[in-house]
Amino acid sequence: MTSHNGAAFRWPDGVRAAASFTFDVDAESCVLVHDPAASGRMSLMGHQSYGPRVGVPRLLRLLERQEVRATFFVPGFTAECYPDIVRAIIDGGHEIGHHGYLHERMQGIDAVTEAGYLDRGLDALERVCGERPEGYRAPWWEMNWHTPRLLAERGFGYDSSLLDDDMPYRMAVVGPGSASMIEIPVDWALDDWEQYAFYPGWTGSGVIESPEKALEMWLLEARARHAEGGCFVLTNHPFLSGRPAKAHALERLIEQVKHLDGMWVAPLREIAAHAERVCGPARVHERLRAEASPAPESR
Ligand SMILES: [Zn+2]
């Protein structure tokens, strides 16, 4: 049992800590949402399509070898462009989650606009997968205060986009006494974008880190969370971590994490289902409002 913010969180019997390997299959969507004209850049489009075309098949073979099931968050546009890849993910026993339609920018948008993105993504995933996803991950992990309500209205059981904890918890979707859903938090230090992403004029500083360094960082975090009885959630992008040396490092990480004593490796929806059974009262998020300091009096 782990004491956590005054509430007890108990993993299933025999389990000491949990880990989930998650893959955000952004492909071309996260580029095109900024600039539809980027579709004319053949090399950039290829850099992104490497994810579903080459990265995902390699990662699926890796996960099969390791006998690990994972969660893949797929924008609706990606699902429409690569339906066979999405079906291969499902056939591998993995979970498909919602990740926007075109990986839309969420900052500052109103609830009606955001609901439109959610519904368009849901329609696409339902058409390709034949079932509704249970989980949501906001593009760029960018949630608005109205997002939990929109997710609950659409029957999502969990979200994995917030950064305010390192254990799953129950969150109220509106306020005290409202419906609730499970949140499984993420961490920028556990995302491969910061380690590996670089494309001139699009993203990254030009530094592409060694997979050895990423492996070391992520293993340290996995061990620390294991020691605390915590939850380790890693986010990888197939157009990055689906490349050879990075995938090899990831496989070594998975091998070591799954052999930590009492470590439960599962797709997020299974961790969310467990959390739904054991989490205590819902946490109510309250928006802070700061008043600007008065301007200095002019003399
Ligand atoms: Zn993404």
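The structure reproduced in this document is the subject of the present report. Predicted model, so just to flag it, every value in this text is computed and none were measured. (Residues numbered from 1 in each chain as written. Predicted model: local features only at pLDDT ≥ 70, side-chain atom pairs only at ≥ 80, totals over all residues.)

Regarding the packing of helix 2 (residues 42-66) against helix 4 (residues 83-91)
- Two elements in contact, helix 2 and helix 4, have axes separated by 11 Å at closest approach and are oriented at 10°. With respect to helix 4, the axis of helix 2 lies roughly parallel. Two secondary-structure elements touch here, helix 2 through Pro52, Val56 and Leu60 and helix 4 through Ile85, Ala88 and Ile89.
- Partitioning the contact of helix 2 with helix 4 into residue classes produces six nonpolar, no polar and no charged. (Axes fitted to C-alpha atoms, helices over the stretch in contact; angles between N-to-C directions. Helix = DSSP H or I, 4+ residues; strand = E, 2+ residues; numbered from the N terminus. Parallel < 35°, antiparallel > 145°, perpendicular 65-115°, else oblique. Contact = placed C-beta atoms within 7 Å. Nonpolar A, V, L, I, M, F, W, Y, C, P; charged D, E, K, R; others polar.)

Side note on helix 4
- What helix 4 keeps buried is the set Ile85, Val86 and Ile89. What you see down the axis of helix 4 is that its buried residues fit within an arc of 100°, all on one side. Opposite the packed face of helix 4, turned more than 90 degrees from it, sit the exposed residues Asp84 and Asp91.
- Where the residues of helix 4 are buried, they touch helix 2, strand 4 (71-74), helix 3 (76-81), strand 5 (95-98) and helix 5 (111-129).
- In the stretch just after helix 4, Gly93 is the one whose phi turns positive, near 90°. (Buried ≥ 20, exposed ≤ 12 C-beta atoms within 10 Å, placed from the backbone. Arc of directions from axis to C-beta.)

Side note on helix 10 (residues 244-258)
- Its 15 residues give helix 10 an end-to-end C-alpha distance of 21 Å, which sits within 8% of 21 Å, the value for a rise of 1.5 Å per residue.
- Regarding helix 10, the residues found buried are Lys246, Ala247, Ala249, Leu250, Leu253, Ile254 and Val257. Down the axis, helix 10 shows its buried residues gathered within 160° of arc, on one side only. Exposed residues on helix 10 whose side chains face more than 90 degrees from its buried face are Pro244, Ala245 and Glu255. (Expected span 1.5 Å × (residues − 1).)

Side note on the packing of helix 8 (residues 211-227) against helix 10
- As a packed pair, helix 8 and helix 10 sit with axes 9 Å apart at the nearest point and diverge in direction by 20°. By the angle between their axes, helix 8 is roughly parallel relative to helix 10. Read as a crossing pair, helix 8 and helix 10 show a hand that is right-handed. In contact with Pro211, Glu212, Ala214, Leu215, Trp218, Leu219 and Ala222 of helix 8, helix 10 contributes Ala245, Lys246, Ala249, Arg252, Leu253, Gln256 and Val257.
- Tallied by class, residues from the contact of helix 8 with helix 10 come to ten nonpolar, one polar and three charged. (Left-handed = near helix turned anticlockwise from the far one by under 90°.)

Taken by themselves, the reported measurements are silent on function.
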